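Given next are the chains, with one letter for each unit.
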Amino acid sequence: MLTNFAEIKKEKDEKCAELGRKPEDVTLIAVSKTVGLDEVAVAISQGAIDFGENRPEELCRKAQAFPDANWHFIGNIQSRQIKNIVPHAALIHSLSKIDHAKKIDRTAGEIGKVQKVLIEVNVSGEESKSGVSKEELPAFLEEMKELSNVEVCGLMTMAPIEDEAHADLPSADEVFKRAHDLLEATKSHAGENFRELSAGMTNDWPDGIKNGSTFIRVGRAIFDPKLF
Ligand SMILES: *Cc1c(COP(=O)(O)O)cnc(C)c1O
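So, how was this worked out
Every chain's residues receive numbers from 1 upward, in the order its sequence appears when written. For this predicted model, a pLDDT threshold of at least 70 governs which residues receive local features, and a threshold of 80 or more governs which side-chain atom pairs are given and counted, while totals over whole chains, interfaces and linings are taken from all residues. Side-chain numbers come from the whole structure's heavy atoms, not from hydrogens or water. UniProt positions are given in the numbering used here, feature names are shortened, and annotations may be inferred rather than shown by experiment. In this description a helix means any DSSP run of H or I spanning at least four residues, a strand means any run of E spanning at least two, and both kinds are numbered starting from the N terminus. Each residue gets one of three labels from its accessible area relative to the maximum for its type: buried under 20%, exposed over 50%, partly exposed in between, using a 1.4 Å probe on protein chains only. Throughout, a contact is declared for two residues whenever any of their heavy atoms are within 4.5 Å. Accessible surface is estimated by sampling points in the Shrake-Rupley manner with a 1.4 Å probe; for residues, cover comes only from the protein chains shown. Under the convention used here, Asp and Glu are negative, Lys and Arg are positive, and both His and the chain ends fall outside the count. A charged residue contributes its charge at one atom only: NZ of Lys, CZ of Arg, CG of Asp or CD of Glu. Any residue with a non-hydrogen atom lying within 4 Å of a molecule or strand is treated as near it. Distance and chemistry together define a polar contact, namely a pair of N or O atoms within 3.5 Å, with one atom able to donate a hydrogen and the other to accept it when in protein, and with adjacent residues in sequence counting only for side-chain atoms on both sides. For this classification, Asp, Glu, Lys and Arg are treated as charged, while Ala, Val, Leu, Ile, Met, Phe, Trp, Tyr, Cys and Pro are nonpolar and the rest, including Gly, are polar. Salt bridges are defined as contacts in which a side-chain nitrogen from Lys or Arg sits within 4 Å of a carboxyl oxygen from Asp or Glu. Two distance rules govern patches: like charges are joined within 9 Å, and nonpolar side chains (Val, Leu, Ile, Met, Phe, Trp, Tyr) within 5 Å, applied only to residues with over 30% relative accessible area and no salt bridge. Stacked, edge-to-face and tilted are the three classes for Phe, Tyr and Trp ring pairs, Trp counted by its six-membered ring, which pair at centre distances within 6.5 Å; planes under 30 degrees apart are stacked, over 60 edge-to-face, the rest tilted.

- As annotated in an unreviewed UniProt entry, the protein carries the name Pyridoxal phosphate homeostasis protein and comes from Phoenicibacter congonensis.
- In its Cofactor (unreviewed entry) section, the UniProt entry covering the protein states "pyridoxal 5'-phosphate".

What follows is the structure in C-alpha cells.
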C-alpha cells in the first residue's frame, strides 16, 4: 500500500534544477488509474495534489472521495461519458475531436463551468495513435474559438513505445520536442492561456521536462511496487 510519490516528486524537482526549469512550472500528476482510494490517500499524505484517471467512473469515484485534489482526465473520450467527466475534471488532456469539444462545451455550460482542455496532438507519425495532426491543428483551434465554455490551455502528446516493433519511430525526446515547437508556433493565434504541455510518463518524463513540459503524468513509478 506504499506509494513512491515523495521520491518521484523529489526526482522531478532535481531534474528541473538540472535542466534550468523552475520546479513549480512542472506539475507532477500521479496517475492513479491502477490503484484504489487507500493509495490515493497515501499519495496525498506525501504531498500529491494532482491525480490522473483514464476512466470516467474512476474519475467520479475518486474525485468525490478527494474533492480537494485536482483531477485530470487523461483517457480516451467517449461521447456518452462526457457528462460524467466534465463535473469532475480540472483539466481534460485528451481532446482530439471537435464533436467532443462541442459536447464538452454544452455540458460545461449546463453546470456553469468553463472546462479547461488540452488538445492531444499526434506528432510521432504513428497511424494507430489518436490525436490532431500538426496540419489539422489551426482549423481545430479556429473551431474551438466558437465554444465559450471551453478554454484551450495547450497540448498533450504521447511518445511511441520504445521497442523493436517501433524502431522506425522517433524517440520520446524528438516527439516531445516536436510537440513543444508546435505549442510555440501556435501560441500567437491561440488564446493567451495557451501555454501548457502535457508530455512525459514513467519511461520518459525527464525528456518531457527537457522539452518544456508543464505537466508530467506518472503512474507506475509512483504506484507499482515492482518499480520501487
Ligand atoms: C497510464 C497513463 C499514464 C501513466 O503511465 P505510466 O507509464 O504508468 O507512468 C500517462 N498518460 C496516460 C494517457 C496514461 O493512460
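So much for the structure itself; the text now carries on.
**Here's the deal with the overall build of the protein**
Then, in step 1: A count of helices and strands for the protein gives nine helices and eight strands.
Then, in step 2: Along the first, second and third principal axes, the C-alpha set of the protein runs to 45 × 40 × 35 Å.
Then, in step 3: Residue burial in the protein is summarised as follows: out of 228 residues, 49% are buried.
Then, in step 4: The long-range fraction of contacts in the protein, counting pairs at least 24 apart against all pairs at least 6 apart in sequence, stands at 59%.
Then, in step 5: In the form shown here, the protein has an accessible surface area of approximately 11200 Å², with 48% of it arising from carbon and sulfur atoms.
Then, in step 6: Computing the positive centroid from 29 side-chain charges and the negative centroid from 39, the protein places the two 3 Å apart.

**Focus: the site of the ligand**
Then, in step 1: Looking at the ligand, the residues that line it are Val31, Lys33, Ile74, Met158, Met201, Thr202, Arg217, Val218, Gly219 and Arg220.
Then, in step 2: In this structure, an oxygen atom belonging to the ligand sits 2.8 Å away from a main-chain N or O atom of Gly219.
Then, in step 3: In the environment of the ligand, an oxygen atom lies 2.8 Å from a nitrogen or oxygen atom belonging to the backbone of Arg220.
Then, in step 4: Partitioned by chemical class, the residues of the shell around the ligand number five nonpolar, two polar and three charged.

**Section: the UniProt feature "domain: Alanine racemase N-terminal" (unreviewed entry) in the protein**
Then, in step 1: According to UniProt, the feature "domain: Alanine racemase N-terminal" (unreviewed entry) maps to residues 25–223 in the numbering used here.
Then, in step 2: Along residues 25–223 one finds 35% helix and 19% strand; the C-alpha atoms at either end are 23 Å apart.

**Thoughts on the pattern of salt bridges**
Then, in step 1: Tallying each qualifying case throughout the model produces 18 salt bridges.
Then, in step 2: Here Asp13 and Lys9 are joined by a salt bridge, their closest N and O atoms 2.9 Å apart. A residue pair is termed a helical-turn pair when its members lie 3 or 4 positions apart in one helix, as Asp13 and Lys9 do in helix α1 (residues 5–18) at four residues.
Then, in step 3: Looking at Asp13, the relative accessible area reads 22%, which means it is partly exposed.
Then, in step 4: For Lys9, a relative accessible area of 33% translates into the label partly exposed.
Then, in step 5: Residues Arg55 and Glu57 are paired through a salt bridge, measuring 3.6 Å at the closest nitrogen-oxygen approach.
Then, in step 6: Overlapping salt bridges, with partners in common, bring together Glu53, Glu58, Arg61 and Lys62 in one network.

**Focus on the UniProt feature "modified residue: N6-(pyridoxal phosphate)lysine" (unreviewed entry) in the protein**
Then, in step 1: Taking the numbering used here, the UniProt-annotated feature "modified residue: N6-(pyridoxal phosphate)lysine" (unreviewed entry) corresponds to Lys33.
Then, in step 2: Not counting residues up to four positions away in its chain, the partners in contact with Lys33 are Gly52, Glu53, Asn54 and Lys62.

**What about a nonpolar patch on the surface?**
Then, in step 1: The grouping of Leu2, Leu227 and Phe228 at the surface amounts to a nonpolar patch, some 310 Å² of accessible area in total.
Then, in step 2: Relative to the helices and strands, Leu227 resides in the segment after α9 (220–223).
Then, in step 3: On the basis of relative accessibility, which here comes to 46%, the residue Leu227 falls in the partly exposed class.

**A look at the environment of Lys62**
Then, in step 1: Summarising the element assignment, Lys62 is placed in helix α3 (residues 56–65).
Then, in step 2: For Lys62, a relative accessible area of 0% translates into the label buried.
Then, in step 3: C-alpha of Lys62 to C-alpha of Ser32: the two residues are 30 residues apart in sequence and 9.2 Å apart in space.
Then, in step 4: Those residues in contact with Lys62 that sit more than four places away from it in its chain are Ser32, Lys33, Val35, Gly36, Leu37, Val40, Glu53 and Trp71.
Then, in step 5: A distance of 2.9 Å separates a polar side-chain atom of Lys62 from the backbone oxygen of Ser32.
Then, in step 6: Polar contacts involving the side chain of Lys62 include one to the main-chain carbonyl oxygen of Val35, which spans 2.9 Å.

**Notes on the packing of aromatic side chains**
Then, in step 1: Following the criterion strictly, the structure yields one aromatic pair and no others.
Then, in step 2: Taken together, a centroid distance of 5.0 Å and an interplanar angle of 20° make the contact between Phe51 and Trp71 stacked. Highlighted residues: Phe51 in strand β2 (residues 50–53) and Trp71 in strand β3 (residues 70–73), separated in sequence by 20 residues.

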